[in-house]
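Each chain is listed here by its residues.
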Amino acid sequence: MPILAKEIDLFPENLLDVAQLEERVDSKWWALYTRSRHEKQLMRQLASMQVPFYGPLVERRHRSPNGRIRTTFEPLFSNYVFIYGDGSQRYQSLTTNCVSQCYEVKDGQQLADDLRWIARLIEVGQPVTPETRLKSGDRVRVKTGVFAGFEGTILR
């Protein structure tokens, strides 16, 4: 049983749908770099302000010192939350006191596609975890799953 229930990490629920993104011509994707460990607080505030966002949370299980298994929900991309909006919604997000920096996403469609895939993997229960040992330039090979046998180089 989780320590706390999973919080909202996508608002609105249809944000990643293609039709939703094509409706709003004046909006674009922004990557918000949060203050340390402020991702969930930022997402709660964005939801209350009705600012569209996505910050994928993944389940993590670990054993406590007394032997109990604890379940927590951690951000897949630590310190990052992605918003989709216009300049006023960007400004609203900056007023939360949770954001350290804000970056405009140059290729919003590519980001939306990548986020859609990540959301689907999380939704079907595939193990998605942040990997801290990989660095740019490392050669990798997928061992299991539908991409087993694929090889590549880490770009970033």
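These notes cover the structure that comes with them. Bear in mind the structure is a predicted one, so any value in this text is a computation, not a measurement.

This part is about the overall build of the chain. Helices and strands together make up the secondary structure of the chain, namely four helices and nine strands. For the chain, the sequential pattern of α-helices and β-strands runs β-α-β-α-β-β-β-β-α-β-α-β-β. Oriented by its inertia axes, the alpha-carbon framework of the chain measures out at about 45 × 40 × 25 Å. Burial status across the chain gives 34% buried among its 156 residues. Here the chain has roughly 10600 Å² of accessible surface; of this, 51% comes from carbon and sulfur atoms. Taken as two groups, the 22 positive and 19 negative side-chain charges of the chain have centres that lie 10 Å from each other.

So, about the packing of aromatic side chains. Counting across every chain of the model gives four aromatic pairs. Measuring from ring centre to ring centre gives 5.2 Å for Trp-29 and Tyr-84, while their planes differ by 50°; the resulting arrangement is tilted. Here Trp-29, found in strand β2 (residues 28-34), pairs with Tyr-84, found in strand β6 (residues 80-85); they are 55 residues apart in sequence, far enough to count as distant. Judged by its relative accessible area of 3%, Trp-29 is buried. The lysine or arginine in question, Arg-90, covers the ring of Trp-30, its NZ or CZ lying 4.9 Å from the ring centre. Here the guanidinium or amino end of Arg-120 rests over the ring plane of Trp-117, the centre of that ring lying 5.4 Å away.

A few words now on the side chain of Thr-34. With respect to the element layout, Thr-34 can be found in strand β2. According to the relative accessible area criterion, Thr-34 is buried, its value standing at 1%. Non-local contacts of Thr-34, meaning those with residues more than four positions away in its chain, are made with Glu-39, Leu-42, Asn-79, Tyr-80, Val-81, Cys-98, Val-99 and Ser-100.

Here we come to helix α4 (residues 108-123). Counted at 1.5 Å a residue, the expected span for α4 with its 16 residues is 22 Å, and the 22 Å between its end C-alpha atoms agrees. Gly-125 sits one or two positions beyond α4 and adopts a positive phi of about 90°.

Glancing now at the pairing of β6. Most of β6 is tucked away: five of the six residues are buried. With six bridges joining them, β2 and β6 adopt antiparallel strand pairing. Its bridge partner being in β6, Tyr-33 is matched across the sheet by Tyr-80. Summarising the sheet, strand β3 (residues 53-54) and β6 pair through two bridges and their orientation is antiparallel.

About the thresholds
- Residues numbered from 1 in each chain as written.
- Predicted model: local features only at pLDDT ≥ 70, side-chain atom pairs only at ≥ 80, totals over all residues.
- Heavy atoms only, no water.
- Helix = DSSP H or I, 4+ residues; strand = E, 2+ residues; numbered from the N terminus.
- Buried < 20%, exposed > 50% of the residue type's maximum accessible area, 1.4 Å probe, protein only.
- Areas by Shrake-Rupley, 256 points an atom, 1.4 Å probe, with all protein chains shown as cover.
- Lys, Arg positive; Asp, Glu negative; His and termini not counted.
- Charge placed at Lys NZ, Arg CZ, Asp CG, Glu CD.
- Phe/Tyr/Trp six-rings, centres within 6.5 Å; stacked < 30°, edge-to-face > 60°.
- Lys NZ or Arg CZ within 6 Å of the ring centre and 35° of its normal.
- Contact = heavy atoms within 4.5 Å.
- Expected span 1.5 Å × (residues − 1).
- Pairing = 2+ DSSP bridges.

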